[in-house]
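Residue-level structural notes
Below, each chain spelled out in residue letters.
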Amino acid sequence: MTSNVRLKQWVKEMAELCEPDRVHWCDGSQAEYDQICSILIHNGTFRRLNPGLRPNSFLCESDPRDVARVEQSTFICSRQRDDAGVTNNWRDPDEMKATLIPLYRGCMRGRTMYVIPYSMGPLGSPISQIGVELTDSGYVAANMRIMTRMGKEVLDVLGDNPFIPCLHSVGKPLQPGEQDVPWPCNPENRYIVHFPEEKMIWSYGSGYGGNALLGKKCFALRIASVMARERGWLAEHMLILGLTSPEGEKKYITGAFPSACGKTNLAMLIPSMPGWKVETVGDDIAWMKFGEDGRLYAINPEFGFFGVAPGTSMHSNRNAMLSMRENSIFTNVALTPEGDVWWEGMTPEKPPRLTSWINEPWTPESGKPAAHPNARFTAPAGQCPTIDPAWEDPRGVPISAILFGGRRPSLIPLIHQSFNWQHGVFLGSVVSSERTAAADGTVGTVRRDPFAMLPFCGYNMADYFAHWLCVGNRQEAGKLPKIFYVNWFRKDAAGRFLWPGYGENSRVLKWVFERCSGAGQALTTPIGYVPAPGALDVQGLDIGEAELEELFRVDREGWLREAASIREYYATFGPRFPHQLFTELDALEGRLR
Ligand code: OXD
Ligand code: MN
């Protein structure tokens, strides 16, 4: 077990509150994982997939009411409302505890409380952090073993030091003799709660990944963003990739795109450009600190991928498909008669017969999706064929460029570069995207998602912008990463995508690379730098001059309307909003007029 007095005391207190039948301290071993999976099979939560097709892998169907992150039930409970800011749901911490403690009382009856010590980041890295999750969900325990480094070794590294306490319950106690359901949850009482001053997380009522695997969104983004601001680093919703040129020069790039907008695809991209190579450090979260040399270094705090399955195929993301070929968990996908998984977009042809994610017989004529649009795969990152040799380097990898982006059918060009760091922060602050199925809400409507952190910033977003400005001011400008904005999703008047995307995005990465090494040619436009004619390598690509022009067109009228909408958006933040961003907005309008 552990000598950590605080940890032992907290586990004891939480067990007294939640009254589980038993407490299990996870050691993180394969034998323990196998045992948890056997229990989940016995309970009807997991189904073993055909070992000949998908070794050591499981299918799981959630309750149809518990399929995505629930932003309306996610709270930042700072002492002052203003410290949570206008983009977060706020509750007074004492009031929230008074609501939750009665719910937690006895909530684990009939269940096991798993104690999961986990490290976000390589064990022992100076950038890593340790949390302990208590959960009554075997599904969570199994997923945490893939998504984090967890178990005994973490306790050894933790020693007597502080940790982030994370309490999770599905909120469904069992009466003596009561038969459990395959996916216990409590949709009427869902709370995903963060106490930023205490650095503590309480989650109740949901078993879904982003609400229940507390190392990921709750710790590595919401609580870590608070820690990062206090200590001068950055915790971001970003992929990290390594890009190597045909000459063998390597640069690392991070990218912040809203949920389900292609971070995983970009992180694992197979370049269409001969001689170029992309390697994967992470697909969702980056923690970044300045090194002694003044450069920004990033680690991926996660150990696995919790990716969106629909749309993933050998064509769209071969490396993701190979990452999940074994030792993986699939949630809310469809089952084939052979005992393997399927989802929309996995193959060009739909299979004739399946069992759908709601466990019903399915045929292509059913008229309903076979997999839920937010169906997920959980796969060990180490199984990714393109995993970067430095992905577990405790020092992190040096970052040359930061990309922002979202799904915007019009206006935003394929790529533009900021004039400087402050302008780059402006670009991050106005990220907007069509909503996707990753969270509850209307899919397709455009919303602002600054830095792709709207659902994940653990404090006042206005202070977050100020933190980004401040981080840049403290460093030598020449050592800071360059900042770009990409949009793979611009459409023509007929509604067709102008850019082929996927592997062809390597052409855009090549220009980014060249801009970072000082070679790439650019045109100055009112919104930033875009590739000069001929600077974007389109050799061998079937794209016409007219399409290229449209991809980079800066529609002054459209941008003036966008600037007005940004001004309205900025006005919602109140007095803590940094004036430098208004300066950037004024300058943009000035350049457009
Ligand atoms: C995710 C998300 O699961 O952003 O990564 O919702
Ligand atoms: Mn994400």
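Residues numbered from 1 in each chain as written. Chains lettered and ligands numbered in written order. Predicted model: local features only at pLDDT ≥ 70, side-chain atom pairs only at ≥ 80, totals over all residues. Heavy atoms only, no water.

1. What to know about the coordination of the manganese ion (ligand 2)
- The protein atoms that coordinate the manganese ion (ligand 2) are Lys 217 (NZ), His 237 (NE2) and Asp 284 (OD), at distances spanning 2.2 Å.
- The motif formed by the donor residues of the manganese ion (ligand 2), counted along the single chain, is K-x19-H-x46-D. Linking Lys 217 in helix 7 (residues 215–231) with Asp 284 in the loop between strand 15 (277–282) and strand 16 (286–290), this pair joins segments that are 67 residues apart in sequence. (Donors = N, O, S within 2.8 Å, 3.2 Å for Na, K, Ca; no water. Helix = DSSP H or I, 4+ residues; strand = E, 2+ residues; numbered from the N terminus.)

2. Re the packing of helix 14 (residues 556–571) against helix 15 (residues 579–592)
- Viewed as axis vectors pointing N to C, helix 14 and helix 15 meet at an angle of 160 degrees, and their least axial separation amounts to 10 Å. Classified by the angle their axes make, helix 14 and helix 15 are roughly antiparallel. Like other packed secondary-structure pairs, helix 14 and helix 15 cross with a definite hand, here left-handed. Contacts between helix 14 and helix 15 involve Arg 556, Trp 559, Leu 560, Ala 563, Ala 564, Ile 566, Arg 567 and Tyr 570 from the first element and Leu 581, Phe 582, Leu 585, Asp 586, Leu 588, Glu 589, Arg 591 and Leu 592 from the second.
- Taken together, the residues of the contact of helix 14 with helix 15 break down into 11 nonpolar, no polar and 5 charged. (Axes fitted to C-alpha atoms, helices over the stretch in contact; angles between N-to-C directions. Parallel < 35°, antiparallel > 145°, perpendicular 65-115°, else oblique. Left-handed = near helix turned anticlockwise from the far one by under 90°. Contact = heavy atoms within 4.5 Å. Nonpolar A, V, L, I, M, F, W, Y, C, P; charged D, E, K, R; others polar.)

3. Describing the site of ligand 1
- The environment of ligand 1 is made up of 9 residues, and the closest members are Arg 69, Lys 217, Ser 259, Asp 284 and Arg 376.
- In isolation ligand 1 exposes 210 Å². Once the protein is present, 95% of that is buried.
- Split into classes, the residues belonging to the shell around ligand 1 amount to 2 nonpolar, 2 polar and 5 charged. (Near = heavy atom within 4 Å. Areas by Shrake-Rupley, 256 points an atom, 1.4 Å probe, with all protein chains shown as cover.)

4. With respect to helix 3 (residues 93–104)
- Given a rise of 1.5 Å per residue, 12 residues ought to cover 16 Å, and the 16 Å separating the end C-alpha atoms of helix 3 matches this to within 8%.
- The distance from a side-chain oxygen at the start of helix 3 to the backbone nitrogen of Asp 94 is 2.9 Å, and the residue carrying that oxygen is Asp 92.
- Looking at the residues trailing helix 3, positive phi occurs at Gly 106, about 75 degrees. (Expected span 1.5 Å × (residues − 1). Polar contact = N/O pair within 3.5 Å; in protein donor to acceptor, adjacent residues only side chain to side chain.)

5. Overview of helix 15
- Look at helix 15: 20 Å from first C-alpha to last across 14 residues, which is about the 20 Å you get at 1.5 Å a residue.
- Those residues of helix 15 that are buried are in contact with helix 10 (421–429), helix 11 (461–473) and helix 14.

6. A look at unusual backbone geometry
- Despite not being glycine, Glu 19 shows a phi value in the positive range, around 55 degrees.
- By secondary structure assignment, the location of Glu 19 is in the loop between helix 1 (5–18) and strand 1 (22–25).
- Even without glycine at this site, Asn 56 takes up a positive phi of about 50 degrees.
- Among the secondary structure elements, Asn 56 is positioned in the loop between strand 2 (46–48) and strand 3 (58–60).

7. Re the nonpolar core
- Trp 287, Trp 343, Phe 404 and Trp 468 are the most contacted members of the largest nonpolar core, which has 128 residues in total.
- It is helix 7 that provides the largest number of residues to this core, a total of 9 residues.
- If you look at the next biggest cluster of nonpolar residues, it comprises 36 residues, including Leu 239, Ala 401, Leu 403 and Phe 484. (Core = buried A, V, L, I, M, F, W, Y, C linked by side-chain atoms within 4.5 Å. Buried < 20%, exposed > 50% of the residue type's maximum accessible area, 1.4 Å probe, protein only.)

8. Concerning the sheet that holds strand 2
- The strand order across the open sheet formed by 5 strands is 2-3-19-24-18, and the pairing between neighbours is mixed. Each having just a single partner strand, strand 2 and strand 18 (304–308) make up the two edges of the open sheet. Within the sheet, the average angular offset between the axes of one strand and its neighbour, ignoring direction, is 20 degrees.
- With 3 bridges connecting them, strand 19 (residues 329–331) and strand 24 (residues 376–380) associate as antiparallel partners. Within strand 24, the residue paired with Thr 331 across the bridge is Arg 376. (Pairing = 2+ DSSP bridges.)

9. Notes on the pairing of strand 6 (residues 112–120)
- Strand 6 sits mainly inside the fold: 9 of its 9 residues count as buried.
- Both faces of strand 6 are covered, namely the face carrying Thr 112, Tyr 114, Ile 116, Tyr 118 and Met 120 and the face carrying Met 113, Val 115, Pro 117 and Ser 119.
- Where strand 1 and strand 6 come together, 4 bridges link them in parallel fashion. Along strand 6, the bridge assignment pairs His 24 with Tyr 114.
- Bridge analysis of strand 6 against strand 7 (residues 129–135) gives 7 bridges, and the strand direction is antiparallel.

10. A look at the packing of aromatic side chains
- Throughout the structure, instances matching the rule amount to 35 aromatic pairs.
- Seen in terms of ring centroids, Phe 303 and Trp 391 are 5.9 Å apart; in terms of plane orientation they differ by 20 degrees. Their pairing is stacked. Of this pair, Phe 303 sits in the loop between strand 17 (296–299) and strand 18 while Trp 391 sits in the loop between strand 24 and strand 25 (397–405); the two residues are 88 residues apart in sequence, bridging distant segments of the chain.
- Owing to a relative accessible area of 9%, Trp 391 belongs among the buried residues under this scheme. (Phe/Tyr/Trp six-rings, centres within 6.5 Å; stacked < 30°, edge-to-face > 60°.)

11. Describing the packing of helix 10 against helix 15
- Packing of helix 10 against helix 15 leaves a shortest axis separation of 9 Å and a crossing angle of 90 degrees. Comparing the axis directions of helix 10 and helix 15 gives the class roughly perpendicular. Facing Gln 422, His 423, Val 425, Phe 426 and Ser 429 of helix 10, the residues of helix 15 in contact are Gln 580, Leu 581, Glu 584, Leu 585, Leu 588 and Arg 591.

12. Notes on the side chain of Lys 251
- Mapped onto the elements of the fold, Lys 251 is located in strand 14 (residues 250–256).
- One polar contact links Lys 251 to Glu 249, side chain to side chain, over a distance of 3.0 Å.
- Those residues in contact with Lys 251 that sit more than four places away from it in its chain are Leu 241, Gly 242, Leu 243, Ser 400, Phe 513, Cys 516 and Ser 517.

13. Section: the environment of Asn 473
- Secondary-structure assignment places Asn 473 in helix 11.
- Judged by relative accessible area, Asn 473 falls into the exposed class, the value being 62%.
- Residues Asn 473 and Trp 421, 52 residues apart in the sequence, show an inter-C-alpha distance of 8.5 Å.

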